[in-house]
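Analysis of the macromolecular model
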Amino acid sequence: MSLRNVVIEGDPILRKKSRPVDEITPRILKLLDDMADTMYYENRGIGIAAPQVGVLRRVFVVDVGDEHGKIEFINPEITYREGTQTFCEGCLSVPGKNAEVERPEKIKVKALDREGKEFELEADGLLAVCICHEYDHLEGILFIDKAINGVINTVEETEE
Ligand code: NI
């Protein structure tokens, strides 16, 4: 297992736009593996995007604990959005904060898997929230930018 350091809000890297992956090299596969390790290791992480470990590539990993398990996305595109839902979001890069954010209720997303094969996924509920949140990281957008009425809550960090 290898963990990477999580970049924290205030670091300008989180505000940059990530570049597409043009070739799935061993380095990209290692990045995916390390991102998943880091996500599972960090408290309650359900998603992580490459800029959060300091790599400006269009890659993210999610696992919301549903039947899909871990899903890796390379060069994702959200191709369809429907409805709205509000969810109280947090982020490994914004420790001690959460906020209500409005997201689509249902989405379709297209991406490459680690073999370079294109797949399309329909997601709703928490999985849709998580994918939209991670996709925003690739654009340099954080959930706090989208807080409803600008309300950002401070939450107590619990050590386990
Ligand atoms: Ni995040």
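Within any chain, residue numbers begin from 1 and follow the written order of that chain's sequence. Residues qualify for local features only when their pLDDT is at least 70, as the model is predicted, and side-chain atom pairs are given and counted only at 80 or more; totals for whole chains, interfaces and linings, by contrast, use all residues. The side-chain figures draw on all heavy atoms in the structure; neither hydrogens nor water molecules are used.

**Digging into the packing of aromatic side chains**
In summary, the pairing rule links any two rings of Phe, Tyr or Trp, Trp by its six-membered ring, whose centres are within 6.5 Å, and it sorts them by plane angle into stacked for under 30 degrees, edge-to-face for over 60 and tilted for everything else. One pass over the full model with this rule turns up two aromatic pairs. Between Phe60 and Phe73, the ring centres sit 4.7 Å apart and the planes meet at 35 degrees, which makes this aromatic pair tilted. Of this pair, Phe60 sits in strand β2 (residues 59-62) while Phe73 sits in strand β3 (residues 71-82); the two residues are 13 residues apart in sequence, bridging distant segments of the chain. Taken individually, Phe60 and Phe73 each receive the classification buried, so the pair is uniform in this respect. With centroids separated by 5.6 Å and ring planes inclined at 50 degrees, the aromatic side chains of Phe73 and Phe119 adopt a geometry described as tilted. On the criterion of sequence distance, the pair formed by Phe73 in strand β3 and Phe119 in strand β7 (residues 118-124) is long-range, its members being 46 residues apart. Secondary structure is summarised from DSSP: a helix means a run of H or I of at least four residues, a strand means a run of E of at least two, and numbering begins at the N terminus for each. When accessible area is computed with a 1.4 Å probe and restricted to protein chains, residues below 20% of their type maximum are described as buried, those above 50% as exposed, and intermediate ones as partly exposed.

**Comments concerning the nonpolar core**
Judged by nonpolar contacts, the single largest core of 19 residues is most densely connected at Phe60, Val62, Phe73, Ile107, Leu121, Leu127 and Ile131. Taken together, the elements giving at least two residues each to this core come down to β2, β3, β6 (106-112), β7 and α2 (125-138). When residues of this core are assigned to their parent elements, the largest contribution, seven residues, is made by α2. Residue contacts are defined here by distance: any two heavy atoms, one from each residue, within 4.5 Å place the two residues in contact. Apart from the residues within four sequence positions on either side, Ile131 is in contact with Phe60, Phe73, Ile107, Val109, Leu121 and Ala123. For our purposes a nonpolar core is just a set of buried Ala, Val, Leu, Ile, Met, Phe, Trp, Tyr and Cys residues, chained together by side-chain atoms within 4.5 Å.

**Section: the coordination of the nickel ion**
Sites may look incomplete because water is not among the atoms; the donors themselves are N, O and S atoms within 2.8 Å of the metal, or within 3.2 Å for Na, K and Ca. Those protein atoms acting as donors to the nickel ion are Cys91 (SG), His133 (NE2) and His137 (NE2), and they sit at 2.1 to 2.2 Å. Among the residues examined, His133 registers a relative accessible area of 5% and is labelled buried.

**Here we look at the environment of Pro95**
As for its position among the elements, Pro95 is in the loop between β4 (85-89) and β5 (97-103). Spatially, the C-alpha atom of Pro95 lies 29 Å from that of Leu121, the residues being 26 residues apart in sequence.

**Observations regarding α2**
Residue count minus one, scaled by 1.5 Å, sets the expected span of a helix. Across its 14 residues, α2 extends 21 Å between first and last C-alpha, which sits within 8% of the 20 Å expected from 1.5 Å per residue. One or two steps after α2, the chain reaches Gly140, where phi turns positive at roughly 80 degrees.

**Observations regarding unusual backbone geometry**
Residues other than glycine seldom take positive phi values, yet Asn75 does so here, at roughly 50 degrees. Within the secondary structure layout, Asn75 lies in strand β3. Although it is not a glycine, Asn149 sits at a positive phi angle of roughly 55 degrees.

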